[in-house]
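# Chains, contacts and geometry: an overview
Here are the chains, one letter per residue:
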Amino acid sequence: MKSILKAAAFGIAALGLTVGAASAQGVLQKVKERGQVICGTGLGIAGFGMPDEKGVWKGIDIDYCRAIAAAILNDPMKVKTVSLTAKDRFTALQSGEIDVLIRTTTWTMSRDTSLGLNFAGINYYDGQGFMVRKSMNIKSALELNGASVCTQQGTTTELNLADYFRANKMKYEVVAFVTNDETIKAYEAGRCDVFTTDASGLFAERLKFAKPDDHMILPEIISKEPLAASVRHGDDQWFDLVKWVHYAMLNAEELGVTQANVDQMLKSDNPEIKRLLGTEGKFGEMIGVSNDWVVRIVKNVGNYGEVFERNVGMGSPLKIERGKNNLWTKGGLQYAPPIR
Amino acid sequence: MTTEADRGAPRVSPLYDPKVRGIAYQVVLALVIVFVVYEAATNAIENLRAAKIASGFGFWTVEAGFDINQKLIPFSSTGGSTYGDAFLVGLLNTLIVAAFGIVLATILGFVIGIARLSKNWIIAKLSMVYVEVIRNTPLLLQLLFWYNAVLKPLPDPRNSVSLFGAIFLNNRGVVMPTPIAGPNFDWTWIATLVAIVVWIVLSYVARKQQAATGKRFPANLIGFALFIFLPLIAFWAAGGPLTFEYPKQSRFNLTGGMQIYPEFVALLLGLTIYTAAFIAENVRAGILAVSKGQSEAAHALGLSNGQTLRLIVVPQAMRVIIPPLTSQYLNLTKNSSLAVAIGYPDLVQVFTGTVLNQTGQAVEVIAITMLVYLTISLTTSFFMNIYNSRMALVER
């Protein structure tokens, strides 16, 4: 009798939960109430998202999360990071465990459509590369016929790898691991001849090796890996906000607004800067935050260029060139629609 | 005229009838369960549709586009293999490691369990240390240990350790020549089959004869000899129709031949050694459960130590051992999903890993996986229950 009642109570409680999940409330509203942005991040990739010696997360992806928090809550530290493996990340976003996924995630058509995600601005243009031991004396990825390749599962990398070897009629053996660390360890232990991931990841991981100079990155870049933040389908307000935080940081760089000069820039007569910093127009309100949202972003996090240089560029151990990630005005691909 | 006795039991309102009440409660509970399941399912479907996430099982026949190293059926991104094929590859990998693991863990477990009861102090204490150390450390840790233990000391493929110039050992695993059956090889299989049938018939006849006359006939010895020699004779008579494809050294790896991957070896080692410790304890408990008088009586009848163990103690101990042994088999099978940690492509690694991630259909993939483990577990317990009922004490 008691157990029946218990079961019934449990059943009703479970019902309540499922019904509760169905009633939709905007993510922005939830973030404001919670006072925190929950971001899905990786388990630790230098330059993109990794805790420093004090345990504070640092990286481009983390700075994007902080920029969102600064725009909404005026405090870049009001973020909670949830570390996700490559294979768990989409489930975490789909199920609402995180607000936004910023985790070196490649924008692809199937993810954009059938996985139920919306990609909000490409914060890093990347491509897949290969790392091998220098002692192997390999000059090109086309010499990799018959090699064993270590990679992380649940990534575009796994698919591009299959495509590349198929297109070039080469054989290979794949060994797939859940986390990047396991993949790297297996490569270092000699389980594989080749380690493959996004080129930025290769540079970042090589820094962790005992002898980085024993390894080299092959010249071929075999895929397009536009890394972007993503949100769930069905909440356009939140999608707009995440997207425009990215564009604001690009526009800030283009207009020369930096962390150092943002206060002087508030007095600027340039109408574009006035609209960007909210001294003219009501652009913040359009995405559900106050009009000085970009001032908060730039003051707390910086513009795109500053974020890039600090985390992966010349101001970081990675020393990656801007290249494709430069502004369109400087020969790169980063191009933001205007704020008007 | 009716008396009290004719009327039978006193009439009770159905409201207070425990039988009616019981049924009513069960119906209500069943309805609640059906309702909850229905509500959860429709809710999930509704939410998936609202978020425009693909659902259904259409992904099963879509090309997978990735590769898996260890596969028992053909699978490649080149051949247009589907997510359904990936599921089968993963399932077979789970089953093969579970099957090998169960056999090896049983053998090792019985040896250790009996050794723990040995009169030899060193053997008994060594087994005790084995059981306590293995049983009390996490399996995941042991798997990582074995994976590194397998990988680290072995040379790279360019410096393979070679046995007889045919079997090669390196940190990519063991590479052996692939046997290729010639046209008349079927005769060897037929001879094997004949030998097995003869063996079964022989042991049946021998048992009958012993029961009737008390005379013993070495049926197992003869059967075993037949099992070994009959196929060999058939093979020789057919002109040895078997060739080997030898592994060849290429720039990176040995190509050709059969390969046993280090991930498989590490997982098998880990699962076997871990589960054997538990089985050893079950075996020890089972043997201790047979009262001392049984072996004393057997010795008094002139049976040797081995005979006592084989004919008197073990059959009785089996009754105690089998039920917990079944749980250990189920544990081993389920624990094989820890393969994820060392990159062995089992069902969980391939299907709930890569396939789930590429298709994004978590609900379907997890549901299928749960169903598969449930089916494997129920099938295992079904067969173990049959075995158990055969071994159980027949009460008359």
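All of these numbers come straight from a predicted model, not from anything done at the bench. (Residues numbered from 1 in each chain as written. Chains lettered and ligands numbered in written order. Predicted model: local features only at pLDDT ≥ 70, side-chain atom pairs only at ≥ 80, totals over all residues. Heavy atoms only, no water.)

Counting its secondary structure elements, chain A contains 14 helices and twelve strands. For 340 residues, the compact-globule estimate of 2.2 N^0.38 gives 20 Å, and the C-alpha radius of gyration of chain A, at 22 Å, lies within 12% of that figure. On the principal axes, the C-alpha backbone points of chain A span a range of 75 × 60 × 40 Å. Taking all contacts inside chain A whose residues are at least 6 apart in sequence as the whole, residues at least 24 apart take part in 71%. For chain A, the exposed surface amounts to about 14000 Å²; the carbon and sulfur share of it is 55%. Looking at chain A, you have 40 positive and 39 negative side-chain charges, and the mean spots of the two groups are 3 Å apart. (Helix = DSSP H or I, 4+ residues; strand = E, 2+ residues; numbered from the N terminus. Rg over C-alpha atoms; globule rule 2.2 N^0.38 Å. Contact = heavy atoms within 4.5 Å. Areas by Shrake-Rupley, 256 points an atom, 1.4 Å probe, with all protein chains shown as cover. Lys, Arg positive; Asp, Glu negative; His and termini not counted. Charge placed at Lys NZ, Arg CZ, Asp CG, Glu CD.)

To continue, consider the nonpolar core. Core analysis: the biggest nonpolar cluster contains 60 residues, and A:Val37, A:Ile68, A:Val100, A:Trp238 and A:Trp293 have the highest contact counts within it. At ten residues, the largest contribution of residues to this core is made by helix α9 (residues 236-254) of chain A. Leave out the neighbours within four places in its chain, and A:Ile68 touches A:Val37, A:Val100, A:Ile102, A:Trp238, A:Leu241, A:Val242 and A:Val245. With 45 residues, the next largest nonpolar core counts B:Leu151, B:Leu271, B:Val283 and B:Val290 among its residues. (Core = buried A, V, L, I, M, F, W, Y, C linked by side-chain atoms within 4.5 Å. Buried < 20%, exposed > 50% of the residue type's maximum accessible area, 1.4 Å probe, protein only.)

Residues and elements named next belong to chain A. Strand order across the open sheet formed by five strands is β9-β8-β10-β7-β11, with mixed pairing between neighbours. The open sheet is flanked by β9 (172-177) and β11 (215-217), the only strands paired with a single partner. Each neighbouring strand pair of the sheet contributes to a mean axis angle of 30°, computed without reference to strand direction. Here three bridges tie strand β7 (residues 128-133) to β11, and the two strands are oriented antiparallel to one another. (Pairing = 2+ DSSP bridges. Axes fitted to C-alpha atoms, helices over the stretch in contact; angles between N-to-C directions.)

On to the environment of B:Asp67. Examined against the element boundaries, B:Asp67 turns out to sit in the loop between α1 (18-50) and α2 (83-116). Residues B:Asp67 and B:Gln209 lie 142 residues apart in sequence; the distance between their C-alpha atoms is 58 Å. Excluding its chain neighbours within four sequence positions, the residues that come into contact with B:Asp67 are A:Ala162, A:Tyr172, A:Val174, B:Phe75, B:Ser76 and B:Ser77. Polar side-chain contacts of B:Asp67 include one of 3.0 Å to the backbone nitrogen of B:Ser77. (Polar contact = N/O pair within 3.5 Å; in protein donor to acceptor, adjacent residues only side chain to side chain.)

Another aspect to go through is the domain arrangement of chain A. Many structure descriptions define interface size as the accessible area lost when the parts assemble. All names here are of chain A. Taken as a whole, chain A is organised into domain 1 (27-126 + 226-330) and domain 2 (128-223). Measuring from the centre of the C-alpha atoms in domain 1 to the corresponding centre in domain 2 gives 29 Å. Each partner contributes residues to the interface: domain 1 has 20 residues there, and domain 2 has 17 residues. With both sides pooled, the region where domain 1 packs onto domain 2 buries about 1300 Å², and carbon together with sulfur makes up 62% of that total. (Domains from an automatic or database assignment. Buried area = accessible area lost by both parts, 1.4 Å probe.)

This part covers unusual backbone geometry. Residue and element names in this part refer to chain A. A positive phi angle, close to 60°, is found at asparagine 74, a residue other than glycine. Among the structural elements, asparagine 74 can be located in the loop between α3 (60-73) and β4 (79-83). One non-glycine residue, asparagine 137, adopts positive backbone phi at about 60°. Structurally, asparagine 137 is set in the loop between β7 and β8 (147-152).

Residue and element names in this part refer to chain A. As for its position among the elements, asparagine 123 is in strand β6 (residues 117-126). The class of asparagine 123 is buried, set by a relative accessible area of 2%. Within the local environment of asparagine 123, its side chain forms a polar contact with the side chain of aspartate 61, the two groups lying 3.1 Å apart. If we skip the residues at most four places from it in the chain, asparagine 123 touches Ile60, Asp61, Tyr64, Ile102, Leu227, Ala228, His246, Tyr304, Asn325 and Gln334.

What follows deals with the side chain of A:Arg232. All names here are of chain A. When you line up the elements, arginine 232 lands in strand β12 (residues 225-232). Look at arginine 232: it is buried, it has no salt bridge, and the nearest opposite charge is aspartate 99 at 4.9 Å. Within polar-contact distance, the side chain of arginine 232 engages the backbone oxygen of leucine 93 at 2.7 Å. At 3.0 Å, the side chain of arginine 232 and the backbone oxygen of isoleucine 98 are in polar contact. Setting aside residues no more than four positions away along its own chain, arginine 232 makes contact with Val27, Leu93, Gln94, Gly96, Ile98, Gly116 and Asn118. (Salt bridge = Lys/Arg side-chain N within 4 Å of Asp/Glu carboxyl O.)

Chain A puts 51 residues into the contact, and the matching count from chain B is 47 residues. Interface of chain A and chain B: buried area, both sides summed, is about 3900 Å²; carbon and sulfur atoms make up 54% of it. Linking chain A to chain B there are four salt bridges. In this structure, B:Glu263 and A:Arg191 form a salt bridge, with 2.6 Å as the shortest nitrogen-oxygen distance. Where chain A packs against chain B, one counts 24 residue pairs in polar contact (both at pLDDT 80 or more). Contributing elements (two or more residues each) for the side of chain A that touches chain B: α1 (2-22), α4 (89-94), β8, α6 (156-167) and β9 of chain A. With nine residues, α1(A) is the largest single contributor of residues to the side of chain A that touches chain B. Tallied by class, residues from the side of chain A that touches chain B come to 25 nonpolar, 16 polar and ten charged. (Nonpolar A, V, L, I, M, F, W, Y, C, P; charged D, E, K, R; others polar.)

Our focus in this paragraph is the sheet that holds strand β1 (residues 161-163) of chain B. All names here are of chain B. In spatial order, the strands read β1-β2-β3-β8; together these four strands make up an open sheet with antiparallel pairing. Taken across any chain shown, the strands that pair with only one partner, and hence form the sheet edges, are β1 and β8 (258-260). Averaged over neighbouring strand pairs, the angle between their axes works out to 20° when direction is ignored.

Now for α1(B). In an α-helix, one full turn covers 3.6 residues, which means residues spaced three or four apart are oriented alike. All names here are of chain B. Over its 33 residues, α1 runs 47 Å from end to end, which matches the ideal 48 Å to within 8%, given 1.5 Å per residue. Looking at α1, one finds that the buried residues are Val36, Asn43 and Leu48. Capping the start of α1 is the job of one residue whose side-chain oxygen sits 3.0 Å from the backbone nitrogen of lysine 19: aspartate 17. After α1 finishes, the residue lysine 52 shows a positive phi value of roughly 55°. (Expected span 1.5 Å × (residues − 1).)

Across all of its chains, the model carries two disulfides over all chains by this definition. Of note for chain A: the bonded cysteines, numbered N- to C-terminal, pair according to 1-2, 3-4. (Disulfide = S-S within 2.5 Å.)

All names here are of chain B. Counted under the stated rule, the structure contains 30 aromatic pairs over all chains. When the centroid spacing of 6.2 Å and the interplanar angle of 90° are considered together, the rings of phenylalanine 100 and phenylalanine 264 count as edge-to-face. Highlighted residues: phenylalanine 100 in helix α2 and phenylalanine 264 in helix α7 (residues 262-289), separated in sequence by 164 residues. By relative accessible area, which is 11% here, phenylalanine 264 ends up buried. Measuring from centroid to centroid gives 6.1 Å for tryptophan 199 and phenylalanine 227, while their planes differ by 50°, and the two rings are tilted. With a gap of 28 residues between them, tryptophan 199 in helix α5 (residues 186-213) and phenylalanine 227 in helix α6 (residues 219-237) connect regions that are remote in the sequence. Judged by relative accessible area, tryptophan 199 falls into the partly exposed class, the value being 24%. (Phe/Tyr/Trp six-rings, centres within 6.5 Å; stacked < 30°, edge-to-face > 60°.)

What the domain assignment lists for chain B is domain 1 (4-46) and domain 2 (83-177 + 246-391). Placing the centre of domain 1 of chain B and that of domain 2 of chain B at their C-alpha centroids yields a distance of 46 Å.

Bringing helix α13 (residues 293-300) of chain A into the picture now. All names here are of chain A. Burial of α13 is extensive: six of the eight residues sit out of reach of the surface. Every buried residue of α13 is accounted for by Trp293, Val294, Val295, Arg296, Ile297 and Val298. Residues of α13 that are buried sit in contact with α3, α9, α10 (262-265), α11 (271-277) and α12 (283-286). A positive phi of about 110° marks glycine 302, the residue just after α13.

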